[in-house]
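# Fold and contact review
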Amino acid sequence: MKSKKNDEEKIVNRLKKLASLIKKHNFHYHTKDKPLISDKEFDLLIRENQNIEKEYPNLVLKNSPNNKIGSKIQNKFKKIQHKSTMLSLANGFDKQDIYEFDERIKKFLNYKGNVELEYLCEPKIDGLSLNLTYLNGKLNSAATRGDGSIGEDVTNNILNIKNIPNELKGNFPNIIEIRGEVYLNKSDFENLNKNLEQKFKFANPRNAAAGSLRQLDNSISQSRPLNFLAHGLGFCSEKYKTLVNFYEDLNKWKILPNTLRKKVSSIDSIMKYYNEINNLRSNLDYDIDGLVIKLNSIDNQIRLGIVGKNPRWSIALKFSAETARTIINSIDFQVGRTGAITPVARLNKVNLGGVLISNATLHNFDEINKKDIGIGDLVEIQRAGDVIPQVNKVLKKNKSKKSKILPPQFCPVCQNKTFKEKNEAVIRCSNKYECKAQKIGQLTHFISKKALNIDGFGEKQAKQLFELNYINNPSDIFQLKQYRDLIISLEGWGELSFNNLLKSIDISKKITMEKFIYSLGIRFIGEINSEIIANEYKTIDDFLLSSKNNENLYNVDGLGPKAISSIKDFFSFKKNIELIENLKKHILIQESNKQTKNNFFTNKNIVFTGTLNTLSRDEAKHLSKSVGAKILSSVSKNTDYLIIGEKAGSKEEKAKKLKVKILTENEFVKKIKD
């Protein structure tokens, strides 16, 4: 206990010393304009301070150099609310994905026959997204994407980027958000890394660009050779007809888009251009990881809208992942939070895309059999979607080891029987929601950045407290105070650490509806589905009630049958209902603040029947939901309006019997657009 206290004192003393040195050199640099040390030496002090604070967030000083506001160094970036949401793109990987994307758009827009849509294609730069806001032609702010709604203010960090003018020339909208990508050229990246100490070197140009842009010391950002290419339009006080028109104005304003962009009007021309860019990829001085395909018509973009965080009108067609060769040393099994048992290959370390890889997923046992993967094999690995390492194929079999990798009949963690669902390749632990590995997985997911985001509390701490039985489920996190003395005495803890954890837990108690739903870890309910659900239901109780009713869930636009089945399964387990009720005692779940236009159909229950001609069924539902209407699948006494198209059928007869108001498609269109 005494030694732990001494260690904390040493760390605090070093932070105090760094704070004093940084303050002193800041004064001589800014006030006296006579620096006592070089910029490089000063940067090393800043980095040391930041690294210690990152490793020991519980020991950060109140007078930390990173808490200085209005000086060269800031604690954190100011937050900026984007005027329109910065969306993320869905990914495609082959021609079939693009064909289906094109067909979905045509179906939504109710296009009949052999219609070819006009798309704008451009390389997808592997950098950091940036949102520029111009007011009356002058640069007002520059912000990172953040969570899509709120980003970090990096205005002072981008002042030296040539492709971002402080003022627009000629004609311009009063207010406009211009989106683009900040990146480093490969040659600049190599030069930057040459001048950095080994421990400060960046793994790849994207990390270097992100690290350079997000420097709390903006002089470091401004000294780096950052580039910017525009690729999108956010909020705009004037209306553009097409993306091509918008790009023409960008060129006039000297905010250059990618010169490799191309307008196309068929799936074949998209794929031909994709192959051209892929072949050109190695000759470019910047990293790209795919082709972005966007509908050129902005009117149609607005009609199509979004699903979750993805626009319906755009998709990223990804390039094949980078590959490397290595040997499989062993294979073991991991149990995830949903009970899925994943075989994992332990590899000889290999550099792949600037990252050292020692593990790779084998996905499932069908995949092992199909590729004939075994221990000792020489294999080709790749990073799927440039994120998760996976074994692509066997290059050379290890003939001396012929033992076949068999799926376990019992869970490697809790020893309960395993099972395989119909039409599914994954083996699962049958001890649903009670297996130790699944419970730890649920806890880790609950406290993760995209969920409750509890600072200073990661997988290591969660596992430690679970093993000691201080935490059994997520609601126990909010009652850790009762174990204060016991936790403080543990390895890796201290009084400061524990007090800071309690503060972080208190901050996490206020959470949005979508993050709370995501935090529950329901299978198939990721970020996008969580947002779809939060937009559909005002409160968590509304969602719980709907989960008992198949019909209501099937009316949620964008929620598929697998997700619906998983929701019903999750809530059929009594302990999950109890968990939510316990969490509600500690957490303030904010209602969705989605803004809806006031309209004739606001807060009305609507049923559609028959074939619509002016609109597709999807667009009619989308328009109805945008004004706050509820879409039902069958007519009942709770139905306010039945919208009928051609061949309305039995629903029209039932509506007449129940005296439900009936509107034609033309009447609906007139009222919904009013």
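What counts and how
- Residues numbered from 1 in each chain as written.
- Predicted model: local features only at pLDDT ≥ 70, side-chain atom pairs only at ≥ 80, totals over all residues.
- Heavy atoms only, no water.
- Helix = DSSP H or I, 4+ residues; strand = E, 2+ residues; numbered from the N terminus.
- Rg over C-alpha atoms; globule rule 2.2 N^0.38 Å.
- Buried < 20%, exposed > 50% of the residue type's maximum accessible area, 1.4 Å probe, protein only.
- Areas by Shrake-Rupley, 256 points an atom, 1.4 Å probe, with all protein chains shown as cover.
- Lys, Arg positive; Asp, Glu negative; His and termini not counted.
- Charge placed at Lys NZ, Arg CZ, Asp CG, Glu CD.
- Pairing = 2+ DSSP bridges.
- Axes fitted to C-alpha atoms, helices over the stretch in contact; angles between N-to-C directions.
- 1 Å grid on protein atoms, 1.4 Å probe; cavity = no way out; pocket = protein on both sides within 12 Å on 5 of 7 lines; lining within 4 Å.
- Points joined across faces, edges and corners; volume = space filled by probe spheres on them.
- Nonpolar A, V, L, I, M, F, W, Y, C, P; charged D, E, K, R; others polar.
- pLDDT = per-residue confidence, 0-100.
- Contact = heavy atoms within 4.5 Å.
- Core = buried A, V, L, I, M, F, W, Y, C linked by side-chain atoms within 4.5 Å.
- Expected span 1.5 Å × (residues − 1).
- Arc of directions from axis to C-beta.
- Salt bridge = Lys/Arg side-chain N within 4 Å of Asp/Glu carboxyl O.
- Parallel < 35°, antiparallel > 145°, perpendicular 65-115°, else oblique.

## A closer look at the overall build of the protein
Within the protein one finds 23 helices and 26 strands. Taken against the 2.2 N^0.38 rule, which gives 26 Å for 674 residues, the C-alpha radius of gyration of the protein at 28 Å falls within 12% of a compact globule. Here the C-alpha coordinates of the protein stretch approximately 85 × 70 × 60 Å along the principal axes. Here the protein, with 674 residues, has 47% of them falling under the buried criterion. Of the roughly 34900 Å² of accessible surface on the protein, a fraction of 48% belongs to carbon and sulfur atoms. Put simply, the protein has 111 plus and 78 minus side-chain charges, and the middle of one group is 2 Å from the middle of the other.

## Describing the sheet that holds strand β8 (residues 227–236)
Within a sheet, adjacent strands bond to each other through the backbone by hydrogen bonds, running parallel or antiparallel. Strand order across the open sheet formed by 4 strands is β5-β4-β7-β8, with antiparallel pairing between neighbours. The outermost strands of the open sheet, each flanked by one partner alone, are β5 (138–144) and β8. Within this sheet the neighbouring strands show an average axis-to-axis angle of 25 degrees, counted without direction. Relative to strand β7 (residues 175–183), strand β4 (residues 128–135) runs antiparallel, the two sharing 8 bridges. Its bridge partner lying in β7, serine 129 is registered against glutamate 181.

## Notes on empty space enclosed by the protein
Summed over the entire model, instances satisfying the criterion amount to 2 cavities of 30 Å³ or more. Its boundaries defined by the atoms lining it, the second largest cavity holds a volume of some 40 Å³. Taken together, Ile125, Asp126, Gly127, Tyr183, Leu184, Pro205, Arg206, Ala209 and Asp287 form the lining of the second largest cavity. When residues of the lining of the second largest cavity are assigned to their parent elements, the largest contribution, 3 residues, is made by helix α5 (residues 205–213). Within the lining of the second largest cavity, the residues separate by chemical class into 5 nonpolar, 1 polar and 3 charged.

## Quick look at the confidence of the model for the protein
When pLDDT is averaged across the protein, the result is 88; 93% of the residues are at 70 or more. Counting interchain partners and residues more than four positions distant, the pLDDT-below-50 stretch residues 68–75 has 24 contacts.

## Focus: the nonpolar core
Of all hydrophobic cores here, the largest spans 50 residues; its most connected members are Phe457, Leu465, Ile477, Phe516, Phe543, Ile567 and Ile587. Here the element with the most residues in this core is helix α19 (residues 561–572); it accounts for 5 residues. Non-local contacts of isoleucine 477, meaning those with residues more than four positions away in its chain, are made with Leu443, Phe446, Ile447, Ile454, Phe457, Ile471 and Ile505. With 39 residues, the next largest nonpolar core counts Val182, Ala208, Phe228 and Tyr247 among its residues.

## With respect to helix α8 (residues 267–280)
Over its 14 residues, α8 extends 20 Å from the first C-alpha to the last, a length consistent with the 20 Å expected when each residue adds 1.5 Å. Within the sequence span of α8, burial applies to Ile267, Ile270, Met271, Tyr273, Tyr274 and Ile277. Seen end-on, α8 carries its buried residues on one side only, within an arc spanning 165 degrees. Turned more than 90 degrees away from the buried face of α8, the exposed residues are Asp268, Lys272 and Asn279. In the core, the buried residues of α8 are packed alongside α3 (95–108), β3 (119–125), β9 (262–264), β10 (288–295) and β13 (314–318).

## Topic: the pairing of β10
Of all 8 residues in β10, 8 are buried; the element is thus mostly enclosed. Relative to β10, β3 runs antiparallel, the two being bridged by 6 bridges. The residue bridging leucine 120 from the neighbouring strand is lysine 294, located in β10. Bridge count between β10 and β13: 5 bridges; the pairing is antiparallel. Its bridge partner lying in β13, lysine 294 is registered against serine 314.

## Quick look at the sheet that holds β13
Taken together, the 5 strands give an open sheet; going across it, the order is β2-β13-β10-β3-β9, and neighbouring strands pair in mixed fashion. What marks the edges here is a single partner per strand, and that holds for β2 (90–92) and β9. On average, each strand axis in the sheet is tilted by 35 degrees relative to the strand beside it, whichever way the strands run. Contacts between helix α7 (residues 243–252) and the sheet are confined to β3, β9 and β10, with β3 contributing the most and set at about 55 degrees to the helix.

## A few points about the layout of surface pockets
By volume, the second largest pocket amounts to about 750 Å³. Residue lining of the second largest pocket: 34 residues in total, with Lys432, Tyr433, Asp569, Phe570 and Asn576 positioned closest to the centre. When contributions to the lining of the second largest pocket are tallied by element, the ones reaching two or more residues are β20 (427–429), α11 (436–446), α19 and α20 (574–586).

## A few points about the pattern of salt bridges
Within this structure, the stated rule accounts for 36 salt bridges. Measuring nitrogen to oxygen at the nearest pair gives 2.9 Å for the salt bridge that ties lysine 397 to aspartate 377. Taken as a pair, lysine 397 in the loop between β18 (388–396) and β19 (418–420) and aspartate 377 in the loop between α10 (365–371) and β17 (378–384) lie far apart in primary sequence, 20 residues in all. Two residues, glutamate 421 and arginine 523, come together in a salt bridge whose shortest N-O distance is 3.7 Å. Residue glutamate 421 is located in the loop between β19 and β20, and its partner arginine 523 is located in the loop between α15 (513–519) and α16 (527–536); the two are separated by 102 residues in the primary sequence. Overlapping salt bridges bring together Glu421, Glu424, Arg428 and Arg523 as one network.

## Section: the packing of helix α17 (residues 540–547) against α20
Orientation of α17 relative to α20, taken along the N-to-C sense of each, is 170 degrees, at an axis distance of 12 Å. Taken together, the axes of α17 and α20 lie roughly antiparallel to each other. Mapping the contact onto sequence places Ile540, Asp541 and Leu544 in α17 and Ile577, Ile580, Glu581 and Lys584 in α20. For the contact of α17 with α20, a count of residues per class yields 4 nonpolar, no polar and 3 charged.

## Notes on unusual backbone geometry
Residue tyrosine 433 is not a glycine yet carries a positive backbone phi of 65 degrees. Looking at the element boundaries, tyrosine 433 is found in the loop between β20 and α11. A relative accessible area of 22% places tyrosine 433 in the partly exposed class. Phi at asparagine 603 is positive, roughly 65 degrees, even though this residue is not glycine. Within the secondary structure, asparagine 603 is located in the loop between β22 (588–590) and β23 (605–609).

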